[in-house]
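Each chain, letter by letter, is given below.
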Amino acid sequence: MSELKLFNTLKREKQVFIPIDPAHVRLYACGPTVYSYAHIGNARMAVVFDLLTRVLKTLYPKVTYVSNITDVDDKIIAAHQETGETIDIITRKYEAIYNEDMAALGAAEPDIQPRATEHIGEMIQLIGALIERGHAYEADGHVLFNVPSFENYGGLSARSRDEQVAGARVEVASYKKDPADFVLWKPSSDDEPGWESPWGRGRPGWHIECSAMAEKHLGLPFDIHGGGADLKFPHHENEIAQSCCAHGQEDLAAFAAVWVHNGFVTVEGEKMAKSAGNFLLVHDLIEKYPGPVLRLALLGAHYRQPLDWSDQVVHQAQKLYDKILRAWEELKDVDENQQKVILNDHNIMLALCDDLNVPEAFSKLNALLSSIFKKPEGLEDLRPSYKYSLIKSLELLGVEIEEVKEESNSEIAALLEERTAAKAEKNFTRADEIRDQILVLGYEIEDTSEGPIARKA
RNA sequence: GGCGCGGUGGCAGAGUGGCUAUGCAGCGGAUUGCAACUCCGUGUACACCGGUUCGACUCCGGUCCGUGCCUCCA
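Residues numbered from 1 in each chain as written. Chains lettered and ligands numbered in written order. Predicted model: local features only at pLDDT ≥ 70, side-chain atom pairs only at ≥ 80, totals over all residues. Heavy atoms only, no water.

*Asks:* Before we go on, may I ask you to explain the sheet that holds strand S8 (residues 202-204) in this structure?
*Replies:* In sheet architecture, strand pairing relies on hydrogen bonds along the backbone and comes in two forms, parallel and antiparallel. Strand order across the open sheet formed by 4 strands is S5-S6-S7-S8, with antiparallel pairing between neighbours. Among the strands making up the open sheet, the edge pair consists of strand S5 (136-139) and S8. Between one strand axis and the next, the sheet turns by 20° as a mean value, whatever way the strands run. Bridging between strand S6 (residues 142-145) and strand S7 (residues 182-187) involves 3 bridges; their strand directions are antiparallel. Each residue of the ladder has a partner; that of leucine 144, found in S7, is valine 183. (Pairing = 2+ DSSP bridges. Helix = DSSP H or I, 4+ residues; strand = E, 2+ residues; numbered from the N terminus. Axes fitted to C-alpha atoms, helices over the stretch in contact; angles between N-to-C directions.)

*Asks:* When you look at unusual backbone geometry in this model, what are you seeing that I'm missing?
*Replies:* The linkage connecting leucine 220 with the following residue, proline 221, adopts the cis geometry, with an omega of -15°. Turning to its location among the elements, proline 221 is positioned in the loop between helix H6 (208-218) and strand S9 (222-228). A cis amide bond links phenylalanine 233 to the next residue, proline 234, at an omega of 0°. Mapped onto the fold, proline 234 is located in helix H7 (residues 232-246). At aspartate 140, a residue that is not glycine, the phi angle is positive and equals roughly 55°. Its location among the elements puts aspartate 140 in the loop between S5 and S6. The backbone phi angle of lysine 426 is positive, close to 60°, even though this residue is not glycine.

*Asks:* Explanation requested: the environment of threonine 58 in the structure shown.
*Replies:* When you line up the elements, threonine 58 lands in helix H1 (residues 40-59). The exposure class of threonine 58 is partly exposed, given its relative accessible area of 48%. C-alpha of threonine 58 to C-alpha of methionine 349: the two residues are 291 residues apart in sequence and 9.2 Å apart in space. Sequence-distant contacts of threonine 58, defined by excluding residues within four places in its chain, comprise Met349 and Leu396. In terms of polar contacts, threonine 58 uses its side chain to reach the backbone carbonyl oxygen of valine 55, at 2.9 Å. (Buried < 20%, exposed > 50% of the residue type's maximum accessible area, 1.4 Å probe, protein only. Contact = heavy atoms within 4.5 Å. Polar contact = N/O pair within 3.5 Å; in protein donor to acceptor, adjacent residues only side chain to side chain.)

*Asks:* Would you explain the domain arrangement of chain A in this entry?
*Replies:* Where interface size is given, it is often the accessible area lost as the parts come together that is meant. Each assigned domain of chain A is listed with its residue range as follows: domain 1 (19-262), domain 2 (267-397) and domain 3 (406-456). Placing a centre on the C-alpha atoms of domain 1 and another on those of domain 3 gives a separation of 56 Å. (Domains from an automatic or database assignment.)

*Asks:* Hey, could you run me through the protein's contact with RNA strand B in this one?
*Replies:* Taken together, 47 residues form the shell around RNA strand B, and within it Trp206, Gly228, Leu231, Lys271 and Gln316 come nearest. What you see for RNA strand B is that sugar and phosphate hold 59% of its atoms within 4 Å of the protein. Glutamine 316 places a side-chain nitrogen or oxygen 2.6 Å from a base nitrogen of RNA strand B. At 3.3 Å from a sugar or linking oxygen of RNA strand B is found a side-chain nitrogen or oxygen belonging to arginine 326. Elements with a contribution of two residues or more to the surface near RNA strand B: H1, helix H5 (161-167), S9, helix H10 (311-330), helix H12 (358-374), helix H14 (410-424), helix H15 (428-440) and strand S14 (443-448). Considering every element that reaches the surface near RNA strand B, the biggest residue donor is H12, with 6 residues. (Near = heavy atom within 4 Å.)

*Asks:* I'm lost on the nonpolar core in this one. Help?
*Replies:* One recurring pattern in soluble globular proteins is that nonpolar side chains are buried together. Judged by nonpolar contacts, the single largest core of 79 residues is most densely connected at Leu56 and Trp309. Here this core takes 12 residues from H1, the largest share from any one element. Shared between two domains, this core takes at least three residues from each, and those domains are domain 1 (19-262) and domain 2 (267-397). Excluding its chain neighbours within four sequence positions, the residues that come into contact with tryptophan 309 are Ile40, Val265, Thr266, Val267, Glu268, Leu280, Leu285, Leu294, Ala297, Leu298 and Val314. Core analysis: the next-biggest nonpolar cluster, separate from the first, contains 43 residues, Tyr28, Cys30, Ala136 and Phe222 among them. (Core = buried A, V, L, I, M, F, W, Y, C linked by side-chain atoms within 4.5 Å.)

*Asks:* Can you help me understand the sheet that holds strand S10 (residues 256-262) in this one?
*Replies:* A sheet is described by the order of its strands in space; here 4 strands give the open sequence S4-S3-S9-S10, paired in parallel fashion. The open sheet has two free edges, formed respectively by strand S4 (63-67) and S10, since each of these has just one partner strand. Each strand axis lies, on average, 20° off the axis of its neighbour in the sheet, ignoring direction. Strand direction decides the pairing type here: strand S3 (residues 25-29) and S9, joined by 3 bridges, are parallel. When the sheet's bridge partners are listed, tyrosine 28 is paired in S9 with histidine 225. On top of the sheet, H6 reaches S3, S4 and S9; it is set at about 160° to S3, its chief contact.

Here it is as structure tokens:
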């Protein structure tokens with residue numbers, strides 16, 4: 001069995017992954033706040049953790065992947081005030097769209113997708129425990145986590161207390177005992193969503209939901225906690241503090257053992273921002289490109305590196321996907337069950353086990369594709385193993401085969417026939433005319449040994 | 001200002017103390033009526049300056065540049 005290595009942000013090094021319980025691996029990744037369409041950065045997170053889950057599922061008998069839906073948040077309230085739609089409608093709508101969009105990218109729904117609003121009770125309980133243990137206090141209708149009460153605070157993002165105070169750029173609310181203290185519970189006005197609590201009607205702060213949901217659905221400690229790199233501080237730092245303190249734990253790993261963070265997506269070299277007008281929505285992109293192409297593009301760079309989205313990146317992904325489809329066609333009559341063998345040179349699992357080294361995996365995939373196209377004499381009997389390898393590789397990478405779009409309408413079929421006839425008569429002028437005509441219709445001709453086919457350009 | 005990450009061939013992007021991925025684009029060739037697809041061939045690139053070493057792109061120190069976080073953020 002392969003050994004999986006992962007870069008653990010908590011230890012700042014690549015480590016061999018050792019499950020807490022090999023019979024059941026548990027991971028959690030911070031999901032989206034559902035107030036608008038998901039952007040390409042959300043998609044990277046979804047794709048990366050989907051990939052990690054696929055790798056884990058091939059290594060371990062049982063894996064539970066939890067990724068939440070944040071459906072209570074001030075941004076949602078703002079969206080409600082802007083559009084007039086009720087909060088419920090907004091959150092359910094964008095939750096559904098998120099799942100559809102991610103599915104188009106081959107990112108399966110998590111095994112459990114808990115909603116924050118359905119865990120208010122657990123959050124209140126957690127906050128109560130924090131107050132009891134002296135880690136949280138009530139002030140001015142709020143409940144705040146007292147950062148100085150947790151000595152190990154800052155261990156994930158490697159920030160000392162002094163640095164945070166020095167770096168504080170935000171105006172500090174007067175009711176805070178310490179500038180770094182953060183909100184666990186805040187009061188809601190009558191027109192804001194709220195729940196009854198021992199501290200009055202209010203709603204949770206941002207961080208507490210993940211602590212509550214991870215604990216409820218996975219138990220503590222669990223194996224892997226993930227999210228975008230920007231969540232390291234303060235979100236994940238605060239999650240750790242809350243969860244450890246609520247249970248009287250000093251060790252930061254008492255919440256989650258391994259922390260995995262994916263890098264950011266930039267667009268044409270710039271950070272995505274609504275103000276810059278370069279906010280790429282998955283919803284729009286899947287109209288323009290096949291989902292698997294977008295997935296391949298998102299996987300183009302190692303997950304911890306920044307990924308700069310550009311036409312080039314998409315073009316390369318498109319070429320790769322094209323080759324995959326062609327290879328698939330090439331092997332359509334081969335029975336992969338004859339020979340279930342994966343050569344080392346083609347074994348992308350080995351690459352993925354090294355901290356999800358997708359570029360290395362792509363390299364192996366390309367080697368496999370070349371082998372398939374080469375069809376060397378005397379090696380025909382390897383074809384079942386090539387096909388088997390291809391199937392396994394694509395499964396692991398989460399790349400789905402969309403059947404080649406051949407001439408589906410009679411118009412193109414007729415044109416192809418006419419072209420074949422023209423070629424037979426050596427009327428190449430006419431044949432080329434027809435090719436151009438078909439191109440205008442959005443198809444490219446490919447002459448194969450079994451006659452011409454038209455594939456979507 | 002603090003903390004972190006990175007600078008690899010035209011572009012994207014891995015990796016390694018000596019054998020120098022992979023892809024895209026380009027060029028030459030095969031195939032093709034011409035193309036497309038595919039195949040073959042073709043590029044010694046690792047920011048800069050020191051140091052360690054028989055040997056460094058890879059280790060150490062410094063310089064320059066870029067970038068992320070420190071505030072909501074995937």
